[in-house]
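One letter stands for each residue in the lines below.
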Amino acid sequence: MNDRIALSRLAADDLPAAVPGLAALLVDAVDDGASVGFTSALTPEQAAAWWSDLAPALSDERIAAWTAHDGDRLVGTVQLRCETSPNGRHRAEIAKLVVHRSARGRGIARRLLATAEEFARSTGRTLLMLDTQTGSTAEHLYRSAGWTPLGTVPDYAADPSGVLRPTTFFHKTLHPAPQGSERSAVSAT
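Residues numbered from 1 in each chain as written. Predicted model: local features only at pLDDT ≥ 70, side-chain atom pairs only at ≥ 80, totals over all residues. Heavy atoms only, no water.

**Description of the environment of A6**
Next, step 1: The residue A6 is located in strand β1 (residues 5-10) in this model.
Next, step 2: Separated by 64 residues in the primary sequence, A6 and D70 place their C-alpha atoms 6.6 Å from one another.
Next, step 3: Every residue in contact with A6, bar those within four places of it in the chain, is listed here: T67, A68 and H69. (Helix = DSSP H or I, 4+ residues; strand = E, 2+ residues; numbered from the N terminus. Contact = heavy atoms within 4.5 Å.)

Quick look at the structure:
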């Protein structure tokens, strides 16, 4: 099933080599109608520039990101965007959970989500947030993975075709990791 899928944490130094695959993944998602912050006019060059701009945040660990590979092919990604304000260091946001159309239905999104959640837990994050287009496949994934809906905002974001769609916001409370688990959780990702 997905035994060939390898997940790895994306380091800032690895970003330049990963950008072409990440850009292709993002363009595929937008072309398929995913509401991930871009319109259908997204070009591979724009997608590559967006990913490249994440280097400073990856470097200083404001963002942790993982990729999923099927052999040499990049087929998925997820980000954990960590809050850095003094009163919010216990929380983070899941963002840009994307799986290539050709690789869907293999549990890759669920594995990426679980990896980001476990990393968040291992680094002391106890509250996660995310948002997704209401009625999307992603909304079903989050509900089935134990996320709690907070509410829906009408016309919150435009889909790739420019139509305003409702967005559902979710949260998940994480129990602190047992002492000594940080090392194993980080090395496993």
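**Some remarks on the environment of E139**
Next, step 1: Secondary-structure assignment places E139 in helix α5 (residues 137-144).
Next, step 2: Separated by 133 residues in sequence, E139 and A6 place their C-alpha atoms 24 Å apart.
Next, step 3: Every residue in contact with E139, bar those within four places of it in the chain, is listed here: T132, Q133, T134, T168 and F170.
Next, step 4: In this structure the side chain of E139 is engaged in a polar contact, spanning 2.9 Å, whose partner is the side chain of R143. (Polar contact = N/O pair within 3.5 Å; in protein donor to acceptor, adjacent residues only side chain to side chain.)

**Notes on the pattern of salt bridges**
Next, step 1: Counted by the stated rule, this structure contains 12 salt bridges.
Next, step 2: In this structure, R4 engages D70 in a salt bridge whose closest nitrogen and oxygen atoms are separated by 2.5 Å. You can see R4 sitting in the segment before β1 and its partner D70 sitting in strand β2 (residues 63-70), a full 66 residues away along the chain.
Next, step 3: On the basis of relative accessibility, which here comes to 11%, the residue D70 falls in the buried class.
Next, step 4: Linking R9 and E61 is a salt bridge whose minimum nitrogen-to-oxygen distance equals 3.9 Å. Taken as a pair, R9 in strand β1 and E61 in the loop between α3 (55-59) and β2 lie far apart in primary sequence, 52 residues in all.
Next, step 5: With relative accessibility at 25%, the residue R9 sits in the partly exposed group. (Salt bridge = Lys/Arg side-chain N within 4 Å of Asp/Glu carboxyl O. Buried < 20%, exposed > 50% of the residue type's maximum accessible area, 1.4 Å probe, protein only.)

**Describing unusual backbone geometry**
Next, step 1: Despite not being glycine, E61 has its phi angle at roughly 65°, a positive value.
Next, step 2: Of note in this structure, K96 is not a glycine but carries a positive phi near 50°.
Next, step 3: Mapped onto the elements of the fold, K96 is located in strand β4 (residues 91-99).

**Quick word on the side chain of D70**
Next, step 1: Here the side chain of D70 touches R106 through a polar contact of 3.1 Å, side chain to side chain.
Next, step 2: If we skip the residues at most four places from it in the chain, D70 touches R4, I5, V75 and R106.

**Digging into the sheet that holds strand β5 (residues 127-133)**
Next, step 1: Spatial ordering of the open sheet is given by β1-β2-β3-β4-β5-β7-β6, a layout of 7 strands whose pairing is mixed. The sheet is open, and its two edges are formed by β1 and β6 (148-158), each paired on a single side. Between one strand axis and the next, the sheet turns through 25° on average, direction left out of account.
Next, step 2: As defined by bridge partners, β5 adjoins strand β7 (residues 164-173) across 7 bridges and the pair is classed as antiparallel. (Pairing = 2+ DSSP bridges. Axes fitted to C-alpha atoms, helices over the stretch in contact; angles between N-to-C directions.)

**Describing the nonpolar core**
Next, step 1: Counting residues in each nonpolar core, the largest one holds 28 residues, and the members touching the most others are L80, I94, L112 and W147.
Next, step 2: At 6 residues, the largest contribution of residues to this core is made by helix α4 (residues 108-122).
Next, step 3: Excluding anything up to four places from it in sequence, W147 contacts I94, L113, E117, L128, M129, L130, Y142, F170, H171 and K172.
Next, step 4: In this structure, L25, A29, V36 and V98 belong to the second largest nonpolar core, which totals 24 residues. (Core = buried A, V, L, I, M, F, W, Y, C linked by side-chain atoms within 4.5 Å.)

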